[in-house]
Each structure stands twice: as C-alpha cells, then as structure tokens.
There are 2 protein chains.
Amino acid sequence: MRIDDIELVRGLSLFAEMEQQNFDALMHAAYLQQFPPQLQLINEGDPADFLHVLIEGRVELFGTAKGRESALFVMHPPSTFILAAVLKDAVHLMSARTLATSRVLLIPASNLRQAFKSDAAFAHSILLDLADSYRGVVKTLKGQKLRTSLERLANYLLLQNDIQGAMGRIDLAIDKKTLASLLGMTPENLSRGFSTLSAYGVSVDGPRITLSKLEDLHQLAKPDSLIDDPAN
Amino acid sequence: MRIDDIELVRGLSLFAEMEQQNFDALMHAAYLQQFPPQLQLINEGDPADFLHVLIEGRVELFGTAKGRESALFVMHPPSTFILAAVLKDAVHLMSARTLATSRVLLIPASNLRQAFKSDAAFAHSILLDLADSYRGVVKTLKGQKLRTSLERLANYLLLQNDIQGAMGRIDLAIDKKTLASLLGMTPENLSRGFSTLSAYGVSVDGPRITLSKLEDLHQLAKPDSLIDDPAN
DNA sequence: CGTTTGGTTGATAGGAATCAACTTCAGTGG
DNA sequence: CCACTGAAGTTGATTCCTATCAACCAAACG
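Predicted model only: the values in this text are computed from it and were never measured.

**What about the protein's contact with DNA strand C?**
Phase 1: In the region of DNA strand C, 14 residues are neighbours, and S149 and N189 of chain A together with K176, S191 and R192 of chain B sit closest.
Phase 2: Backbone atoms, meaning sugar and phosphate, form 59% of the atoms of DNA strand C found within 4 Å of the protein.
Phase 3: Between a phosphate oxygen of DNA strand C and a side-chain N or O atom of N189 of chain A, the distance comes to 2.9 Å.
Phase 4: Taking K177 of chain B, its main chain carries an N or O atom lying 3.3 Å from a phosphate oxygen of DNA strand C.

Dropping the structure here:
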C-alpha cells in the first residue's frame, strides 16, 4: 500500500481520530485492491466480511428483488461503505459494483470490530459516520416519496452544480442509465425529463450539462435543505 | 418515573449493557411525559434536543416537502427514535406525531452524548441500535423502489401476520390513512388494493383482516428476506 | 339527531413503464 | 480504411399504475 493511500485513509473522518497503533494494525490487516469497471464487489445476501473504503473510482450500491434492480447510492472517493452490515456481522442488504476502475481498501470485519472495541475515539468516529449514512438514506427516502421524478432530476442537477463549483456547467460522473436508476426512473424517462427541463435552461451534450436559467430551475425544483443539503 | 417503566427502559437493548451508575444518571436527567393522540412531538428542521424513547403508544415519523407529507416509519414501543440526529447534534430530518396516547421518555441530548463518551458498553449498544435503524431505512427504500404499491401492501400484511402470531388474522395497529401513507400510496388506492387482494384471500372488516389464502398471497407478494425480515 | 371523521367507490387525468424503432458513436476486425 | 457490431441514448406509441376529483356511505360523537 502506498504512503499517500495510507494518508488518504488516515485523513478520512472515520480514521482520523484513531490511535496510531490501532490504525497501523488495521492497515496491516487490510488489502488494497484494484478492480475493473462493472465488477460486482458485493452480492446482497452474502455475509459482510470486509469494510470497504473507496480510494479511487466509483461504486454503485444497488438492490434487487423479483428480477428488478435499482441503484440506491453511488459512492465517490474517499468514502466507506457497508459499515452497518460489518458492525452487525450481518448479511449485505445491498449489492455493489464498480462503475469505473476503482481501488478499494478491504478491512476484515473482525479487525474492524476489534479496533472499535479497543479504541473509543474510533468508536466515536464510526458512530458519526454511521449517523451520516443513516441520514443520507432518510433523505433519499424522502426524495423518493415526496417528489416526482422530474423534481428529483432538477434537484440532482442543482446539487451537482453546487458541488462542481456553481458554474452553471456540470459533468455527469455516471452514465445516464445509472443516473436514471438512481433517481428512480427509466432511461427513457430520464431522457424525456431532460427535454422537459430544456424549458428551464437545461441543455445536454452527452455527459456535459449547462444550466442557463438557474432561477427557473430553482423555482421548479424547490430544493429543500432537509433533503438536498449534504451538510445536514 | 415508575419502577416498571425504568425496568422497561433498562430492558431495551440500547440500555441493557450500560453501567448501572451511568444508567441511573441518565434516568435522573430524563423526563417521562404522556402525550395525547395526534400531537406533534417533533418538527423537522428543529434541533434535536432529546432522544425519544417510546414507552407506550404509537408514534409516526413523517416527512414533508412542498406541502406534501408522507409517513416514513411507525414506531411501536419499546423503541428509541431520532438517535442519529441527537448523536450528530443536528436538526431533525423527520417530524413526529403521536398516533395514540403515548408515553415517551425524553433524554436530553447532552446527557446522552456524555454517557456515550464515558461508557463503552453503551456506545456499543448505540452503535448496534443505529445500525439496525440504518438497515431498516435501507429496506424501506428498497421496498419503495423495487415494488409496486400492491406488492408493498401484500408484504405488509404477510409481515404483520407473522408478527401477530401467524393465525391468518391480523389487526391493523394504525388507521388506513396512515397505512396508505406509510406504504407510499393514497387512501383511495389502499382501499382498491384491498379489494384487489380479495382474490388472494384477503378480507377486511374495519381494522380486522383475515388472510385465508396465504399461499396465494405469498405467491403475489414474493417476500424477500432482505426487505421484509426484521431479523436482517 | 345532525355532523364529523374515516373509509369506499367511480370517473378521469397524469405520471411513469413498457415496447419498439431508430440514431449515434466507439470499438472491432476484415 | 471502412463495414460491422454493440452499447448508449433518444423518440414515439401504448399500456399500466397511481393520483386526483367527486360523490357517497357508515359508524362515531356531541
């Protein structure tokens, strides 16, 4: 494992407060692996053996049932995922696949649980991380139950705009099929959503999107800080 | 606070492992209050000042946006809610109201955070409780994105049947309007859902429901342990 | 009683999925 | 170099699911 990767991990809020010796032990037990795109890392229903830390790339968490599939979250580095399953020593509720070439740090569940027991600061960080995750799902659920798909799309664009520097220009980090699934719609519907939004200054050129009437788009989307604000 | 209430709280997995002295301190700082039905306990956006422990009654957690409202969870005693917001010292993402006369134990957030810092076993319990909550939301989200409303209804009935003794007879603990909202549908649609399910042996008499063709209902619902099984 | 509240039923409209065809474009291989 | 191929995305037509609007019913309650 490279020095700067270790520093990256160390910089994650989850690990930042940990005692050095515990951190070292954890890193010693961990594996850093690189995966090609579209590789399934996790199959829902399988036991959670490793905490995953996404160092580089992009990972989709998705759920399946009755032959259907839906994207639930898209993880961007650096971040951890499937923390809850590992802590509970339970099976995965979500599957995961890479969307791009990705480097993932795999920390054995037993080591994680041990570190968590012996390091109060680490336990505290885990708790905050999990609380953030929890609130993230709640926000997603609210968006899903309280908004139409067009509103979800509009809010997604506005949020991306903020994240990407509020220049009125954004690049979709994920392909449209995945975006559609993430927003709870079909690819066809997403496409129609974009054309509906052209009246609100949204123009699409492949993965490049420009927002020329932010006021109008705001008006339509009516962003809600309790759904869209990542700081909450 | 009555002795048996204290014992009830002590019996919650969240508090069971706590050191006695810390538990006593926490209980000493807490308030037990009784609320009438339909009283709003929490307004989303407000700061989370108290951890709520539902001792008796029924509480609905719901979200609002753009004038719409949707039930997200219905809490049954004994259970805690809004743990994440309290831990993070953040604002509430969900509102809460009583559905019935309810007794709720209110534990000041600062005391909770302090107890959590000084009691490792308690921290561990909190973590597991939060992990459970997290997985609960994920399951709800999966149900919402992967199922039709009729499937959600069918699975809800099957789950209630299991919980209530698998006698093929269940009592709705919440009124149909709230149930509709919880399942992500309108009251009208819920009513139609029930009549559609009559072909699957579901008959409704007010809050009393009988399931006479469990096989058929199963066939339709196709329960998924990664969505419906509370043990996961 | 009349009135309210919760629930049902019917008619209609709207949102979203599905099915199908077509375009574009990148990658492949002759 | 250029025809193939396949993936991604778009567009159109249609169906299906769900919400909305409206009327109605019945039990509950003052």
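**Section: the pairing of strand β5 (residues 68–75) of chain A**
Successive residues of a regular strand alternate their side chains across the two faces of the sheet.
Residues and elements named next belong to chain A.
Phase 1: Of all the 8 residues making up β5, 6 are buried; the element is thus mostly covered by neighbouring parts of the structure.
Phase 2: As defined by bridge partners, strand β4 (residues 59–65) adjoins β5 across 7 bridges and the pair is classed as antiparallel. Counterpart to F62 in the pairing with β5 is A71.
Phase 3: Hairpin connection, β4 to β5: the antiparallel pair is bridged by 2 residues, and K66 has positive phi, about 55 degrees.

**Quick look at the domain arrangement of chain A**
All names here are of chain A.
Phase 1: Each assigned domain of chain A is listed with its residue range as follows: domain 1 (3–145) and domain 2 (148–228).
Phase 2: Opposite the 14 residues of domain 1 that make contact, domain 2 presents 10 residues.
Phase 3: When domain 1 packs against domain 2, the two sides together hide about 980 Å² of surface, and 57% of this comes from carbon and sulfur.
Phase 4: When residues of domain 1 are sorted by the area they lose upon contact with domain 2, K139, K142 and Q144 head the list and together hold 40% of the total.
Phase 5: At the boundary of domain 1 with domain 2, the tally comes to 0 salt bridges.
Phase 6: Between the two partners, domain 1 and domain 2, sit 1 residue pair in polar contact (both at pLDDT 80 or more).
Phase 7: Within the residue set of the side of domain 1 that touches domain 2, elements represented by two or more residues are β5 and α6 (120–146).
Phase 8: Counting residues per element, the side of domain 1 that touches domain 2 draws most heavily on β5, at 6 residues.

**Looking at the sheet that holds strand β8 (residues 102–108) of chain A**
Residue and element names in this part refer to chain A.
Phase 1: The 4 strands lie next to each other as β1-β8-β3-β6, forming an open sheet whose pairing is antiparallel. The strands lining the two open edges of the sheet, one partner per strand, are β1 (31–35) and β6 (79–81). Averaged over neighbouring strand pairs, the angle between their axes works out to 30 degrees when direction is ignored.
Phase 2: Each of β3 (50–56) and β8 is contacted by helix α5 (residues 109–118), which is oriented at about 65 degrees to β8, the strand it contacts most.

**Section: the relation of the copies chain A and chain B**
Phase 1: In screw terms, the move from chain A to chain B is a rotation of 180 degrees and a rise of 0.0 Å along the axis, fitting with an RMSD of 0.0 Å. What the superposition gives is, in effect, a two-fold axis relating one chain to the other. Considering only C-alpha atoms, the residue of chain A closest to the rotation axis is Y134 of chain A, which sits at 2.5 Å.
Phase 2: Taken together, the interface assignments show that 100% of the residues at the interface of chain A recur at the interface of chain B, consistent with an identical surface on both copies.

Quick notes on the rules
- Residues numbered from 1 in each chain as written.
- Chains lettered and ligands numbered in written order.
- Predicted model: local features only at pLDDT ≥ 70, side-chain atom pairs only at ≥ 80, totals over all residues.
- Heavy atoms only, no water.
- Near = heavy atom within 4 Å.
- Polar contact = N/O pair within 3.5 Å; in protein donor to acceptor, adjacent residues only side chain to side chain.
- Buried < 20%, exposed > 50% of the residue type's maximum accessible area, 1.4 Å probe, protein only.
- Helix = DSSP H or I, 4+ residues; strand = E, 2+ residues; numbered from the N terminus.
- Pairing = 2+ DSSP bridges.
- Domains from an automatic or database assignment.
- Contact = heavy atoms within 4.5 Å.
- Buried area = accessible area lost by both parts, 1.4 Å probe.
- Salt bridge = Lys/Arg side-chain N within 4 Å of Asp/Glu carboxyl O.
- Axes fitted to C-alpha atoms, helices over the stretch in contact; angles between N-to-C directions.
- Least-squares fit on C-alpha atoms with pLDDT ≥ 70 in both.

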